[in-house]
Amino acid sequence: MAEITPSQTVGPYFAYGLTPRKNYDWKDTFGSDLVTADASGERIRIEGQVFDGDGAPINDCMLEIWQADAQGRYASPADSRARPNTAFQGFGRTPTDRDGRYVFDTIKPGRVPGLNDKMQAPHIVMAVFARGMLRQSYTRIYFADEAANSEDAILALVPAERRETLIAPKSLREGRAVYTFDVRMQGEAETVFFEI
Amino acid sequence: MTFYFPAESLGAFPPRLYPDYKSTVKRSPTKPLIIIPHTLSELTGPVYGQDAVQPGDEDLTRQHAGEPLGERIIVHGHVLDEDGRPVPDTLVEIWQANACGRYIHVVDQHPAPLDPNFTGAGRAKTDANGYYKFVTVKPGPYPWGNHYNAWRPSHIHFSLFGHSFISRLVTQMYFPGDPLFPFDPIFNSVPDERARNRMISAFDLDATIPEWALAFRFDIVLRGRNQTPMER
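Computed from a predicted structure; not experimentally measured. (Residues numbered from 1 in each chain as written. Chains lettered and ligands numbered in written order. Predicted model: local features only at pLDDT ≥ 70, side-chain atom pairs only at ≥ 80, totals over all residues.)

This paragraph deals with the overall build of chain B. Scanning chain B from terminus to terminus reveals three helices and 14 strands. Its C-alpha atoms give chain B a radius of gyration of 19 Å, near enough to 17 Å, the size a compact globule of 232 residues would have. Reported as C-alpha extents along the three principal axes, the dimensions of chain B are approximately 50 × 40 × 30 Å. Per-residue burial over chain B gives 46% buried out of 232 residues. Restricting the contact set of chain B to residue pairs at least 6 apart, pairs at least 24 apart contribute 72%. (Helix = DSSP H or I, 4+ residues; strand = E, 2+ residues; numbered from the N terminus. Rg over C-alpha atoms; globule rule 2.2 N^0.38 Å. Buried ≥ 20, exposed ≤ 12 C-beta atoms within 10 Å, placed from the backbone. Contact = placed C-beta atoms within 7 Å.)

Structural data, given as structure tokens:
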């Protein structure tokens, strides 16, 4: 048995290594546009802002998302069901900008099996990294227009008065669905984070 | 192989709120985290295409026209799971300050020189035995604003994935014998001394290349155990 290596903060200077974009002389491994040409499903945008305990935007944050394809299948060896017949990888990474804002372009995930093989409501897993965070915090993005939210076993573990923080409201922009998901580290509307 | 992720192992991690590291005060959740069972969403994780890592990405001393200044070093080791099994084909991303302790990041403006021959970013994929290797220069310590006369010990940032999204790890590798350890709140945020010491690389004379580079070994253990106990 081996003991795990402790987590340490991503710090303030990760951008040139993990999210260089075009700002540094290095290549991105992952981007914020998850959509591949052959991916089936509804194209959606997820956008929001990340805030600290003073309500100030966190402009040196890195967000990562992980999701199933539109048929509810993960592009992972740990998902033993039929592999997605697309190049869709389901993983995205983005820094926040100077106003703490972020955007992901992706497709709406399908439902995936949960506890006791009961289907979960469509959701995306998000990990939050930043200076001042000694380890990542995990949350989930659910979609406001999904009736299945009311029967989701994970949402049911969240106190009712806090569930709203996980459910992204939908708007339409130029015919495309945009879901708004803000991350609040603290405060009255503090986002629900999960211990996993 | 099916993996599970015992929650007890997380005892090795630092708390989210560690006031000696001041930035944690406004950036750590204050409400209780919700403990959830692991579903497929937690137990799966990304894999990468063949083009995620290009040949040469693991050598930080050959990304520019000339060679960077500083002590050339080899940093290598194995990525393992909690059973001590290798984690093959997993992505390892690193970033670090240059030999003077200066990051190329625009926000780092402390008065130490940038090195035109050093960016400080690299990536590698572990082989079938979970082995990875980087060539770089030893990063310098640098000052930061956490408290009066605060200096970070020399370190290299590591980012790893492993078997699932919950084995994802961002950590820092330190160098043996650093006199700054007792004064660094980030290093000391890890409560258990043995766990802290697992972040310190070991000088590796056997892997040192004579007349060329010193070597440091850093083995990394990610969350994840197999369903069946390993035979020994």
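Read on, since the account is not over.
Before going further, it helps to examine the pairing of strand β1 (residues 43-51) of chain A. Within a regular strand, side chains alternate between the sheet's two faces. Residues and elements named next belong to chain A. Sheet topology places β1 next to strand β4 (residues 101-107); seven bridges connect them, and they run antiparallel. Looking at β4, one finds that Q49 is bridged to R101. Of the strand pairs in this sheet, β1 and strand β9 (residues 176-180) are connected by four bridges, and their pairing is parallel. Among the inter-strand pairings, R45 is bridged to a residue of β9, identified as V178. Of the pairings in the sheet, the one linking β1 to strand β10 (residues 183-184) comprises two bridges and is parallel in character. Its bridge partner being in β10, V50 is matched across the sheet by V183. (Pairing = 2+ DSSP bridges.)

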